[in-house]
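What follows is each chain in one-letter form.
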Amino acid sequence: MLIFKTKAADIVSEAIKMLWEQDVPAHDVADMLEYPPDPAMGDVALPCFKLSRTLKKSPVMISDALSGAIADPVFDKVESVSGYLNLTASSSFLKDALFGIIEEGDRYGSSDVGKGKTVVFDYSSPNVCKPFHVGHLGSTVIGHSLKLIHEFGGYKCVGINHLGDWGTQFGKQIVAFRKWGDRETVEKIGIDELVRLYVKFHNEAEKDPSLDDEARAEFHKLEEGDPENLALWKWFLEVSIAEYKKTYRQLGIVFDSYKGESFYTDKMPAQVQKLHDMGLLKLDNGASIVDLDEYGMPPCLILRSDGSTLYPTRDIAAAVYRKETYDFDKCVYVTSAQQILHFSQWFKVVELMGYDWYDKLVHVPYGTVSIDGAKLATRTGNVVLLKDLFKMSVDKVKDIIREKNPDLQNVEETSEAVGVGAIVFLYLSNNRIKDINFNLENALSFDGNTGPYAQYTYARTCSVLEKEKPVGARGTVTVPEEADVIKSLLKFPEKVAQALDDYEPSVITRFIIEVCASFNRFYHSCQILKADDPDVKDFRLSLTQAVNNVLRTALHLICMKTPNKI
Ligand code: ARG
């Protein structure tokens, strides 16, 4: 209802000027306006006590005077109730707003707050040779959704997959592959085979610790640029990325850069030198650290005692590189909440190093995921692989579609969109910091507040519009169900802004649910194609068209696909 709020604020501000010759700017009034919990109290309300001090009058006097003075076709009702000014949008305002939404098409809800600004998003970032498990889903979908929301807000965005592609584990992988692996099997099976080899290495190293020394030596050779080890490592990387890309394709995600941790190998020494020159490094049992005691944090580890670099070292070098390369206005990192300390530590180190952009680094943490209801074969210890979860969900959707809509074409594509979407939607329904418990049955239900329900509602609008399209800009609101749909659609720009400010895609998810609920109430209680009056019919088709546009845009913002038929 941003447009209505803005309009209402303008009018109230004018009325204040007229009544009391006081200047309360419209945007200040807009900040005071609230959405009443009960629609009987208007679409927006002004709690007049907020003006008492400025106007030196009681809230009741203010609301009474304002309600007497305001008469505008934007409002259907202007009521003063115990110091509250309750404002209800008129049918003619809502009708115009609806046609405005349709006119804006897929730009409706967008803005240019970010014009000329660049934001870097570091998200997904799995560790190479390790399986992509449900824990990575959060970073992947929250990160990508935030990127899309920022783009919608006019920002230039860069999506980086900061792959965990460097570290001693690659020495282990190399040893394991040479001892027990072969090319053909890895080529055929992919990451799962690499994981099997890695797990075997750990089991064997427990019996024979000399394997660890061997692995260290191989990693050292890799660091020195040994061509054979380098070729193997590159190949492991390719195998892994090829597999991740399958998941990204299912989610409709494309990255601008796959520069992982290894990319910063030759960029770290300069930063370590700078830390050293600034006197920030301290020796601690042979390791180099930055003491953060003063800031209530444990020390940030920069170099191991053997001189090798660590995760924070790579993050510092990467941030400097990104600032130089993209000149970002914000650099956003999306990871699980378990890494909050890691980010606080190295953000502080960047600040101590005198980089004046330290406050442009943003960590966006999210809660953990657990699974119930889905008994998944766990091939690798205790983690649930994302591809297994997706597959299970897609298969279930396929069964449902075969049963309920056996004639549907594109069953494969549709089942994938709905099955994967169900998991994404559930994931993005809650505040990101909350822990999530997956229940596949609930996620797949077509009548809860789920992904399938939202996609089904979208498909419903498509099927109406497939039969007939609105001629356009005819008719007006005749029943409250229509008004409610428009009121829910009007919230979109404001919800996008909130999702952006709070780094919270769930604001969009909840908005989608609200639009679906109001549209379905309308759909069940009003005739659309069979309406007798041609104006009424056309207006309802326009309404359906607007819901179709807005749902498609909003679903895409949260990484959901929008099949026309389910
Ligand atoms: N690879 C890390 C992990 O899986 C996440 C990396 C996040 N990004 C970063 N710049 N530290 O835990």
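Residues numbered from 1 in each chain as written. Predicted model: local features only at pLDDT ≥ 70, side-chain atom pairs only at ≥ 80, totals over all residues. Heavy atoms only, no water.

Asker: Now, about helix α9 (residues 191–207): what can you tell me, with residues and values included?
Answerer: With 17 residues, α9 ought to run about 24 Å at 1.5 Å a step, and its terminal C-alpha atoms sit 25 Å apart, in line with that. Of the residues making up α9, those classed as buried are Ile-191, Asp-192, Glu-193, Leu-194, Val-195, Leu-197, Tyr-198, Phe-201 and Ala-205. (Helix = DSSP H or I, 4+ residues; strand = E, 2+ residues; numbered from the N terminus. Expected span 1.5 Å × (residues − 1). Buried < 20%, exposed > 50% of the residue type's maximum accessible area, 1.4 Å probe, protein only.)

Asker: Lay out the pattern of salt bridges in plain terms, naming residues and giving numbers.
Answerer: Applying the stated criterion to the full structure yields 35 salt bridges. One salt bridge in this structure joins Arg-178 and Glu-218, with 3.5 Å as the shortest N-O distance. Note that Arg-178 is positioned in helix α7 (residues 169–180) and Glu-218 in helix α10 (residues 210–223), a separation of 40 residues in sequence. Classification of Arg-178 by relative accessible area gives partly exposed; the value is 40%. One salt bridge connects Arg-196 with Glu-193, and the closest N-O pair in it is separated by 3.0 Å. Highlighted residues: Arg-196 and Glu-193, both in helix α9, separated by three residues, approximately one helical turn. Overall, Glu-193 belongs to the buried group, its relative accessible area being 5%. Here the salt bridges do not stand alone but share partners, grouping Arg-178, Glu-218, Lys-221 and Glu-228 into one network. (Salt bridge = Lys/Arg side-chain N within 4 Å of Asp/Glu carboxyl O.)

Asker: Which residues make up empty space enclosed by the protein, and what values go with them?
Answerer: Across all of its chains, the model carries four cavities of 30 Å³ or more by this definition. Considered as a void within the structure, the largest cavity measures approximately 80 Å³ in volume. Forming the walls of the largest cavity are Pro-131, Phe-132, Ile-191, Asp-192, Glu-243, Tyr-244, Thr-247, Leu-385 and Lys-387. Counting only elements with at least two residues in the lining of the largest cavity, the list comes to α9 and α11 (227–251). For the lining of the largest cavity, the element with the most residues is α11, which contributes three residues. A breakdown of the residues in the lining of the largest cavity according to their chemical character gives five nonpolar, one polar and three charged. (1 Å grid on protein atoms, 1.4 Å probe; cavity = no way out; pocket = protein on both sides within 12 Å on 5 of 7 lines; lining within 4 Å. Points joined across faces, edges and corners; volume = space filled by probe spheres on them. Nonpolar A, V, L, I, M, F, W, Y, C, P; charged D, E, K, R; others polar.)

Asker: Describe unusual backbone geometry, naming the residues involved and giving the relevant values.
Answerer: Positive phi, close to 40 degrees, is recorded for Ser-125, a residue that is not glycine. Looking at the element boundaries, Ser-125 is found in the loop between β4 (118–122) and α6 (134–152). With a phi close to 45 degrees, Asp-327 is a non-glycine residue in the positive phi region. Among the structural elements, Asp-327 can be located in the loop between α13 (311–326) and β9 (330–336).

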